[in-house]
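Observations on the three-dimensional arrangement
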Amino acid sequence: MRLCAAKNTVFCTMLLRIRDLARIVHMIIAPSILTADLSNLAESCKEAVDARLDRLHLDVMDGNFVPNMTFGPPVIKSLRNALPDHVIFDAHLMITNAEDCYMDYIDAGCNHLSVHVEAATHLHRLVTAIRDAGATVGVVLNPATSLDAITEILPEIDLVLVMSVNPGFGGQSFILSVEGKIRRLKSLIDEQVENGGRPVQIQIDGGIKAHNIATVGEWGVSNCVVGSGLFNDKGTVKENLAILQTALEV
Ligand code: DX5
Ligand code: ZN
């Protein structure tokens, strides 16, 4: 009996040591509802919110900047009315005319707008206008867009969204070459913070699954958009989220 208790103690100590070695990468997971059941959008969003995912990533596509169309301010407004107030609406505007219509998205209830650097003529003016209207603001870089495109605006924004797929569709494969861009961006932000500047968040979007979510965390990403990794026919959002969370325990 005493031997058994001693064995148990050794076993528990070993487990604790293993657990101490494990590190949990802190990561915001923002569900993208593109691969959810769009005929039942509010229910899909509620499934994510019930899983305690309270930052919804809303992919707005205009069929012009990207070859696909999704939804706009009226649908977002309906979702806002259907969901609890604490839920953050993070709109990813894949549209050519954000400079004309950003206000419609804020009026519809978006808390955060991310705009593509490739689609804005006067980026600084747009970023300032979004902030003045009361939302937080992010700038998005396509996979082929250089970091140079945002270095001047970095002190003024809350988030950089690095696309790890070409925008337009859910369920695409992750583009590995974004690693260098993310690592360089992380260094720029660290330097900015050391000099008293804004702690800009790095968000990544496209192809994030259990096999790479911890890796991008190591590169400096603290906010992952996840679409088909959460909304798929393999499991519920809660079940798929548990798999992602386990993957973050590295
Ligand atoms: C792509 C969208 C993404 C996409 C992510 O244009 O911006 O948000 O839905 O979906 P997955 O995670 O399936 O790549
Ligand atoms: Zn997106």
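Residues numbered from 1 in each chain as written. Chains lettered and ligands numbered in written order. Predicted model: local features only at pLDDT ≥ 70, side-chain atom pairs only at ≥ 80, totals over all residues. Heavy atoms only, no water.

Considering the site of ligand 1
As a reminder, the rule being used: We call a residue near a given molecule or strand whenever any one of its heavy atoms falls within 4 Å of it. Under the rule applied, a polar contact is a pair of N or O atoms within 3.5 Å (in protein, one hydrogen donor and one hydrogen acceptor; residues adjacent in sequence only if both atoms are side-chain atoms). Note on areas: Shrake-Rupley, 1.4 Å probe, and residue coverage restricted to the protein chains presented here. Only DSSP runs of H or I reaching four residues or more are called helices, and only runs of E reaching two or more are called strands; each is numbered from the N terminus.
Around ligand 1, 20 residues are found, and the nearest of them are Asp59, Gly168, Gly171, Asp205 and Ser228. In the model, an oxygen atom of ligand 1 is placed 2.9 Å from a nitrogen or oxygen of the serine 32 side chain. Within the side chain of aspartate 205, one N or O atom sits 2.7 Å away from an oxygen atom of ligand 1. Alone, ligand 1 offers 380 Å² of accessible surface; in the complex the protein occludes 100% of this. Secondary-structure elements contributing two or more residues to the shell around ligand 1 are β2 (55-61), β3 (88-94) and β8 (223-226). Counting residues per element, the shell around ligand 1 draws most heavily on β2, which supplies 3 residues.

A word on the packing of aromatic side chains
Where we set the bar: Two aromatic rings from Phe, Tyr or Trp, using only the six-membered ring of Trp, form a pair when their centres are within 6.5 Å; if the ring planes differ by under 30 degrees the pair is stacked, by over 60 it is edge-to-face, and anything between is tilted. Each ring is checked for a lysine NZ or an arginine CZ that lies within 6 Å of its centre and within 35 degrees of its normal; such an atom marks a charge sitting over the ring.
Evaluation of the coordinates by the stated rule reveals 1 aromatic pair. For arginine 80, the ring lying beneath its charged end belongs to phenylalanine 89, and the centroid distance is 4.0 Å.

Looking at the sheet that holds strand β1 (residues 28-31)
Hydrogen bonds between backbone groups are what pair the strands of a sheet, and the pairing can be parallel or antiparallel. Basically, it comes down to this: Here a strand pair is declared whenever DSSP counts at least two bridges between the two strands. To get an axis, a line is fitted to the C-alpha atoms, and for a helix only the part in contact is used. The angle between two axes follows their N-to-C directions and goes from 0 to 180 degrees. Residue contacts are defined here by distance: any two heavy atoms, one from each residue, within 4.5 Å place the two residues in contact.
A sheet is described by the order of its strands in space; here 8 strands give the open sequence β1-β8-β7-β6-β5-β4-β3-β2, paired in parallel fashion. Each of the sheet's edge strands pairs with one partner strand only, and the pair in question is β1 and β2. Strand after strand, the sheet turns through a mean of 25° between neighbouring axes, direction not considered. Inspection of the sheet shows strand β6 (residues 159-163) paired to strand β7 (residues 201-205) by 5 bridges, in the parallel sense. By the bridge assignment, valine 162 is partnered in β7 with isoleucine 204. Against the sheet, helix α5 (residues 123-132) engages β4 (112-116) and β5 (136-141), with an angle of about 150° to β5.

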